[in-house]
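# Observations on the model geometry
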Amino acid sequence: MQKLNIGNANLEMLGKSVAVLAALVLLMAAVSACGSSDESGETTFSVTNAVVPVAAGANTALYFELTNTGSKTDSLIEARTDVAKEVEIHQSSQDSSGMMKMQEQDEVKVDPGETVDFEPGGYHIMLLEADELTEGDTVEVELLFKNSPALTVEATVVTYADVAH
Ligand SMILES: [Cu+2]
């Protein structure tokens, strides 16, 4: 009987130390998650002049200036909005025959201190099958980065003439 009690006590202690160990592992995971985001540096972005031209058809685009205000290179990897069925990162470019074409981009890299213009003829966030937009309205778009926290951008709906250079 005595032996069994000791056995139970040991088992209980083992159970407790497993629980403590599990808690420690969780704590360490939480701490290292914080540590790694600190380590990846101050990766932050700012956006200025965000505009969406009124859609001529169902598709339109988001234009803005994206500045890496952090200390490390980071990439824009995704954009989301409720006002379009699909959102893609595009780059317009001219092929060898002079034809303009758009290509989907997996990411747009931005070096520290660099500003990348998302503008007609270059990078843009393609809004496919967009809702009907009215000039003066505001469109909310979330930008997602490889390392930096997501950024919510309030873009103003403008006319095409406003974005033409
Ligand atoms: Cu496009």
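Report follows, based on the coordinates. (Residues numbered from 1 in each chain as written. Predicted model: local features only at pLDDT ≥ 70, side-chain atom pairs only at ≥ 80, totals over all residues.)

### Overview of the overall build of the protein
In terms of helices and strands, the protein carries two helices and ten strands. Tracing the protein from N to C terminus, the helices and strands come up as α-β-β-β-β-β-β-β-β-β-β-α. Among the 165 residues that make up the protein, the fraction classed as buried is 21%. (Helix = DSSP H or I, 4+ residues; strand = E, 2+ residues; numbered from the N terminus. Buried ≥ 20, exposed ≤ 12 C-beta atoms within 10 Å, placed from the backbone.)

### Considering the nonpolar core
Grouped together as the largest cluster of nonpolar side chains are 26 residues, with contacts concentrated most on Leu62, Phe64, Phe118, Ile125, Leu127, Val141 and Ala155. Among the secondary structure elements, those contributing two or more residues to this core are strand E1 (45–53), strand E2 (60–68), strand E3 (74–81), strand E4 (84–94), strand E8 (123–130), strand E9 (138–145) and strand E10 (151–158). Broken down by element, the residue count for this core peaks at five residues, all from E2. Each residue touching alanine 155, except ones within four places of it in the same chain, is listed here: Ala50, Val51, Val52, Leu62, Phe64, Thr138, Val139 and Val141. (Core = buried A, V, L, I, M, F, W, Y, C linked by C-beta atoms within 7 Å. Contact = placed C-beta atoms within 7 Å.)

### Side note on unusual backbone geometry
Comment: phi is negative for the bulk of residues other than glycine, and the bulk of peptide bonds are trans. In this structure, asparagine 49 takes a positive phi of about 50° despite not being glycine. Examined against the element boundaries, asparagine 49 turns out to sit in strand E1. Note on asparagine 49: 13 C-beta atoms within 10 Å, which makes it partly exposed. For glutamate 129, which is not a glycine, the phi torsion comes out positive at approximately 50°. Turning to its location among the elements, glutamate 129 is positioned in strand E8.

### Quick word on the environment of phenylalanine 45
With respect to the helices and strands, the residue phenylalanine 45 is situated in strand E1. Sequence separation of phenylalanine 45 and serine 75 is 30 residues, and the distance between their C-alpha atoms is 9.9 Å.

### Looking at the environment of leucine 127
Tracing the sequence through the fold places leucine 127 in strand E8. On the neighbour-count criterion, leucine 127 (27 C-beta atoms within 10 Å) is buried. In this structure, the C-alpha to C-alpha distance between leucine 127 and asparagine 59, residues 68 residues apart in sequence, is 5.7 Å. Setting aside chain neighbours within four positions, we find leucine 127 in contact with Val52, Asn59, Thr60, Ala61, Leu62, Thr81, Val83, Ala84 and Val87.

### Regarding the environment of glutamate 86
Inspection of the secondary structure assignment puts glutamate 86 in strand E4. With 27 residues separating them in the primary sequence, glutamate 86 and asparagine 59 have C-alpha atoms 9.6 Å apart. Apart from residues lying up to four places away in sequence, glutamate 86 is in contact with Leu128 and Glu129.

### Quick notes on the pairing of strand E5 (residues 100–104)
The element E5 is barely covered by neighbouring structure, given that only zero of its five residues are classed as buried. Bridge analysis of E4 against E5 gives five bridges, and the strand direction is antiparallel. Note that in E5 the partner of serine 92 across the bridge is methionine 102. Counting the residues that bridge the hairpin from E4 to E5 gives five residues, and of these glycine 98 lies at a positive phi of roughly 90°. (Pairing = 2+ DSSP bridges.)

By themselves, these figures tell us nothing about what the structure is for.
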